[in-house]
Amino acid sequence: MKKKIILAVIAGAAMLLPFACTTQAPVADGTVSLDELYTTRRSIRSYDASKTISEEEVRTLLAATQQAPSWANTQTSRYYVAITPDKVAAARACTGDRNAQNVAGAPVIIVSTFVKGQSGFGRGAAVNEIGDGWGAYDNGLSNAYLVLKAREMGFDTLIMGFRESDRLRTLFAIPDNEEVMAVIALGYRAAEPNQPKHKALDEIVKFF
Ligand SMILES: Cc1cc2nc3c(=O)[nH]c(=O)nc-3n(C[C@H](O)[C@H](O)[C@H](O)COP(=O)(O)O)c2cc1C
């Protein structure tokens with residue numbers, strides 16, 4: 001009987017292990033593994049308003065995005081960083097009511113754009129049917145580096161596709177040759193997120 005109880009406790013602890021991993025804060029000393037970043041990075045919709053992030057830290061974060069690959073090394077991603085309280089509030093107000101409420105405590109809001117007509121283009125014309133989709137592709141890759149680096153630095157993020165691009169363009173004086181993509185909230189989580197369900201691997205992969 002005693003042996004059965006011990007086995008049940010061990011089995012229970014083993015089942016909880018993945019969740020223990022996801023709630024563990026990463027150490028910001030460069031020793032965190034990529035797998036740990038993957039599992040602890042989550043979309044955070046509740047931020048600790050008492051914590052701030054410096055411009056220097058945001059510079060370190062954005063420097064990591066410069067390591068991302070891009071079409072012919074065109075490096076067309078651009079970032080507009082709201083870091084003063086007024087600008088953060090104004091940028092947040094461009095993300096829709098629900099997003100704005102969810103990121104209310106985030107001290108930094110970053111607008112991600114890309115320069116059109118370069119990535120996926122050669123001699124002024126689209127190289128193939130994807131056109132400026134390659135600029136969006138590069139921008140998403142760049143954003144992926146951003147959110148993972150953020151996690152390594154102990155920060156949390158929310159990528160927001162619901163945003164008012166025209167208002168953001170005016171707010172940050174974003175030129176017409178750039179496409180406004182995601183708005184990314186940056187801060188510290190105030191609550192642990194729900195774990196999203198992921199499809200079975202065989203639903204998204206086919207081997208030939
Ligand atoms: C391009 C893009 C747009 C998104 N837009 C929003 C958004 O406007 N609001 C929001 O709460 N989450 C948004 N998300 C977050 C997704 O809902 C989230 O990544 C997904 O549910 C998986 O959860 P996880 O990020 O915790 O793994 C967006 C994610 C991406 C990649």
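Bear in mind the structure is a predicted one, so any value in this text is a computation, not a measurement.

### Points about the overall build of the protein
Summing up its helical and strand segments, the protein has eight helices and six strands in all. For the protein, the N- to C-terminal ordering of α and β elements is α-α-α-β-α-α-β-β-β-α-β-α-β-α. Taken over 208 residues, the protein has a buried fraction of 28%. Across the protein, every contact between residues at least 6 apart in sequence was considered, and the portion connecting residues at least 24 apart equals 76%.

### What to know about the environment of Ala-63
Considering the arrangement of structural elements, one finds Ala-63 in helix α3 (residues 55–65). Along the primary structure Ala-63 and Leu-146 are separated by 83 residues, whereas in three dimensions their C-alpha atoms are 8.9 Å apart.

### Examining the sheet that holds strand β1 (residues 77–82)
On the basis of which strands lie adjacent, the open sheet formed by four strands has the order β1-β2-β6-β5 and antiparallel pairing. Of all the strands in the sheet, the pair left with one neighbour each is β1 and β5 (156–160). Within the sheet, the average angular offset between the axes of one strand and its neighbour, ignoring direction, is 25 degrees. Inspection of the sheet shows β5 paired to strand β6 (residues 178–187) by five bridges, in the antiparallel sense. Looking across to β6, one finds that Thr-157 is bridged to Leu-186. Docked against the sheet, helix α6 (residues 133–152) engages β1, β2 (108–115), β5 and β6, running at close to 10 degrees with respect to β6.

### Things to note about the nonpolar core
Counting 32 residues, the largest nonpolar core has Ala-91, Val-108, Ile-109, Val-111, Ala-185 and Leu-186 as the members making the most contacts within it. Among the elements of the structure, α3, β1, α4 (85–92), β2, α6, β5, α7 (165–172) and β6 are those that each provide at least two residues to this core. No other element matches the six residues that β6 contributes to this core. Those residues in contact with Ala-185 that lie beyond four places of it in its chain are Val-103, Ala-106, Ile-109, Thr-157, Leu-158 and Met-160.

### What to know about the site of the ligand
Taken together, 13 residues are adjacent to the ligand, and Arg-42, Ser-43, Met-160, Gly-161 and Phe-162 come closest. Among the elements that take part in the shell around the ligand, β5 stands out by supplying three residues, more than any other. Broken down by class, the residue content of the shell around the ligand amounts to seven nonpolar, four polar and two charged.

### Structural notes on the confidence of the model for the protein
On average, residues of the protein score 90 in pLDDT, and 86% of them are at 70 or above. Contacts of residues 1–24 to residues separated by more than four positions or lying in other chains number seven contacts, the stretch itself having pLDDT below 50.

### Side note on α6
Spanning 20 residues, α6 covers 29 Å between terminal C-alpha atoms, matching the ideal 28 Å at 1.5 Å per step. When we look at burial in α6, the residues that qualify are Trp-134, Gly-135, Ala-136, Asp-138, Asn-139, Ser-142, Asn-143, Leu-146, Val-147, Ala-150, Arg-151 and Glu-152. Those residues of α6 hidden inside the fold are in contact with α2 (34–40), α3, β1, β2, β5 and β6. Of the residues trailing α6, Gly-154 is marked for its positive phi of about 90 degrees.

### Quick look at α4
Those residues of α4 not exposed but buried are Val-88, Ala-91 and Arg-92. Buried residues in α4, looked at end-on, bunch into an arc of 100 degrees, giving them a common side. Looking at the buried residues of α4, the elements they touch are β1, α5 (97–102), β2, α7 and β6.

### Describing the environment of Arg-169
When you line up the elements, Arg-169 lands in helix α7. Taking the C-alpha atoms as reference points, Arg-169 and Val-111, 58 residues apart in sequence, are found 9.5 Å from one another. In contact with Arg-169, other than residues within four places in its own chain, are Ile-174 and Val-180.

### Describing unusual backbone geometry
In the Ramachandran plot, Ala-72 falls in the positive-phi region, its phi being about 50 degrees despite a non-glycine side chain. With respect to the helices and strands, Ala-72 occurs in the loop between α3 and β1. In this structure, Gln-75 takes a positive phi of about 50 degrees despite not being glycine. Judged by C-beta crowding, with 18 C-beta atoms within 10 Å, Gln-75 ranks as partly exposed.

Procedures and definitions
Residues numbered from 1 in each chain as written. Predicted model: local features only at pLDDT ≥ 70, side-chain atom pairs only at ≥ 80, totals over all residues. Helix = DSSP H or I, 4+ residues; strand = E, 2+ residues; numbered from the N terminus. Buried ≥ 20, exposed ≤ 12 C-beta atoms within 10 Å, placed from the backbone. Contact = placed C-beta atoms within 7 Å. Pairing = 2+ DSSP bridges. Axes fitted to C-alpha atoms, helices over the stretch in contact; angles between N-to-C directions. Core = buried A, V, L, I, M, F, W, Y, C linked by C-beta atoms within 7 Å. Near = placed C-beta within 6 Å. Nonpolar A, V, L, I, M, F, W, Y, C, P; charged D, E, K, R; others polar. pLDDT = per-residue confidence, 0-100. Expected span 1.5 Å × (residues − 1). Arc of directions from axis to C-beta.

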